[in-house]
Amino acid sequence: MSSGTASGETSGGAARIALVDVNNFYVSCERVFDPRLEGRPVVVLSNNDGCVVARSQEAKSLGIATGVPWFQVEPLARRWGLVARSSNYELYGDLSSRVMELLGRFGVWQEVYSIDECFLGLPGSEAQLRTTAGAIRTAVGRRVGVPVCVGVAPTKTLAKFANHIAKRNPGMGGVCSLDSMPAGDIERIQSRVPATGLWGVGRKTGQRLAALGIETIADLKAADPLMIRKRFSVVLQRTVLELNGTACIPPIDEHADKQQIIFSRSFSSPVTTAEEMDQVMAVYAQRAAARMAEDGLRASVLTVTAGTSRFAGGAASFPSASVQLPAPTQDPIQLTRAAVGAMRGVFEAGQKYVRAGVLFTGLEPADAQEAFDPFVSDLDQRHIGDLLGSVRAKFGEAAIGLGQGGLAAPAAWSMKREFSSPRYTTEWKDLPVVRA
DNA sequence: TCTGGGGTCCTAGGACCC
DNA sequence: TCTGGGGTCCTAGGACCC
């Protein structure tokens, strides 16, 4: 993907970068199909309805922080009129691709950065940029039904910063173009906002910066990039350069192959026996293998992990084991066997495990012939993954599975999603019905 | 009782080689 | 026992992001 990033300081005609993102994305998705949620405090919960991962503006105003456990908020929900939804990733993923397709039409280039945001290359004068930004908001609002904010600036870091300003100042109408702000205003904001408000500067880096007297965005902008490179990293050096108008964050290669595939989940009730954990590994390995097959990849290394609760007292246990596979594969049978076997080696009976995961690395494209494996004598077995995939596509995720993974009924540890909305856009039977 | 999941990139350090 | 420098490759762990 070509990045048309210009580093010019001049306005008027110089290419600019827009960062467009959806406000409170998960909540906004829920509202598209349930307008009763409009104007009310709404939160979306993580898997197992564990903790809050998204909040509407009204929920934020109530002081509900992201990451708080639901069981702490729940007692107050009724009084607040607070609505909770389990996360519905099928819905969010589908609406995301609609938003991204639409946004792509406005830029000379587009880099999708996350499920709810992308960078766009925008040419044109300052006046044209503002017109385009407004048109983006209108189009996404009308065609998908979710609100977005647009930040426009000469670099990605500054575009993120501009977006942040647009979000916090409702009077700006959801758009902030740095070029049209008076320099004094920008400096004032930058000397007030802590450096950790920037993209790429987290808590730890913030602490180390503060120890050097670098507290605000303005301080970091004024820092010597070479000193920052030496004492921190090339990543933070780029942040400093970008704050000063030099675009240097490399383009995101969306077509690059993944480096790893993870399937990891917490359980709705603890797993304590080796037999149950075998079952978990069988299910998780197959889910991860299905994802890998969708991406057309195969793995050469498999890692399994499990963990006890970080909030429970007593002896913690975080077993983990990696296996080098005899040859790169996407065969769910081999992968399931390997996962179960690896976990048996490190599992501690009697511990209360609350989560586990299966991780594939050493990924490569699977188009080449699968390497000959003398242990797989039956040729048909090599196509078992395709078969499972097509059955699942037709009859649903739980329709078929191998061995322990072919659970007819959900196991005691399987995921809890009590407040889930329907899969409005990806499941025929969940299609909304409109009456006129 | 009940506390998420899926990624990326960078760096440091060790093994190994000439 | 003393004793070099330079390079690559790999992995684990840290930090960050949404």
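Here the structure is shown first, and the text comes after it.
These figures come from a predicted structure and were not determined experimentally.

Asks: Any chance you could explain the protein's contact with DNA strand C here in plain terms?
Replies: The immediate surroundings of DNA strand C are formed by 13 residues, with Ser114, Lys160, Gly200, Gly202 and Thr205 found nearest. Sugar plus phosphate, as a fraction of atoms of DNA strand C within 4 Å of the protein: 100%. With respect to DNA strand C, the side chain of Lys160 contributes an N or O atom lying 2.8 Å from a phosphate oxygen. The separation between a phosphate oxygen of DNA strand C and a polar side-chain atom of Thr205 is 2.6 Å. Counting residues per element, the ones that place at least two in the surface near DNA strand C are strand 5 (110-114) and helix 8 (203-211).

Asks: Explain the environment of Arg392 to me, please; I cannot follow it from the model alone.
Replies: You can see Arg392 is positioned in helix 14 (residues 384-395). A sequence separation of 102 residues divides Arg392 from Ala290, and the C-alpha atoms of the two residues are 9.6 Å apart.

Asks: Just to check I follow, could you spell out helix 3 (residues 70-80) for this structure?
Replies: An α-helical turn contains 3.6 residues, so a residue and the one three or four places further along point in the same direction. Listed as buried for helix 3 are Trp70, Val73 and Ala77. All buried residues of helix 3 fall inside an arc of 70° around its axis, so they share one side. Those residues of helix 3 that are exposed and angled more than 90 degrees off the buried face are Phe71, Pro75, Arg78 and Arg79. Among the structural elements, strand 2 (42-45) and strand 4 (83-86) are those in contact with the buried residues of helix 3. Gly81 lies just past helix 3 and shows a positive phi near 70°.

Asks: For this particular structure, what's the right way to read the side chain of Ser300?
Replies: Among the secondary structure elements, Ser300 is positioned in strand 10 (residues 297-308). The contacts of Ser300, once residues within four sequence positions are left out, are Val323, Gln324, Leu325, Pro328, Thr361 and Gly362.

Asks: Help me out: how do you make sense of the protein's contact with DNA strand B in this one?
Replies: The full set close to DNA strand B counts 22 residues, and Ser46, Ser264, Arg265, Ser266 and Arg355 are the nearest of them. The sugar and phosphate moieties of DNA strand B supply 61% of its atoms located within 4 Å of the protein. Contacts to DNA strand B include Ser46, whose side-chain N or O atom sits 2.9 Å from a sugar or linking oxygen. Gln259 places a main-chain nitrogen or oxygen 3.3 Å from a phosphate oxygen of DNA strand B. Counting only elements with at least two residues in the surface near DNA strand B, the list comes to helix 11 (234-243) and strand 9 (261-271). If one sorts the elements of the surface near DNA strand B by residue count, strand 9 sits on top with six residues. Grouping the constituent residues of the surface near DNA strand B by class yields nine nonpolar, seven polar and six charged.

Asks: Can you help me understand the packing of aromatic side chains in this one?
Replies: Both the distance between ring centres and the angle between the ring planes are used here to describe each pair of aromatic rings. In this structure the tally under the stated criterion is 15 aromatic pairs. With centroids separated by 4.4 Å and ring planes inclined at 10°, the aromatic side chains of Tyr26 and Tyr92 adopt a geometry described as stacked. Of the two residues, Tyr26 is situated in helix 1 (residues 25-33) and Tyr92 in helix 4 (residues 89-104); the sequence distance between them amounts to 66 residues. Taken individually, Tyr26 and Tyr92 each receive the classification buried, so the pair is uniform in this respect. An aromatic cluster is present here, built from Phe25, Tyr26, Tyr89 and Tyr92 joined pairwise through their rings. Between Lys156 and the ring centre of Phe119, over which it is positioned, the NZ or CZ distance is 5.3 Å.

About the cut-offs
Residues numbered from 1 in each chain as written. Chains lettered and ligands numbered in written order. Predicted model: local features only at pLDDT ≥ 70, side-chain atom pairs only at ≥ 80, totals over all residues. Heavy atoms only, no water. Near = heavy atom within 4 Å. Polar contact = N/O pair within 3.5 Å; in protein donor to acceptor, adjacent residues only side chain to side chain. Helix = DSSP H or I, 4+ residues; strand = E, 2+ residues; numbered from the N terminus. Buried < 20%, exposed > 50% of the residue type's maximum accessible area, 1.4 Å probe, protein only. Arc of directions from axis to C-beta. Contact = heavy atoms within 4.5 Å. Nonpolar A, V, L, I, M, F, W, Y, C, P; charged D, E, K, R; others polar. Phe/Tyr/Trp six-rings, centres within 6.5 Å; stacked < 30°, edge-to-face > 60°. Lys NZ or Arg CZ within 6 Å of the ring centre and 35° of its normal.

All we've got here are geometric facts, nothing functional implied.
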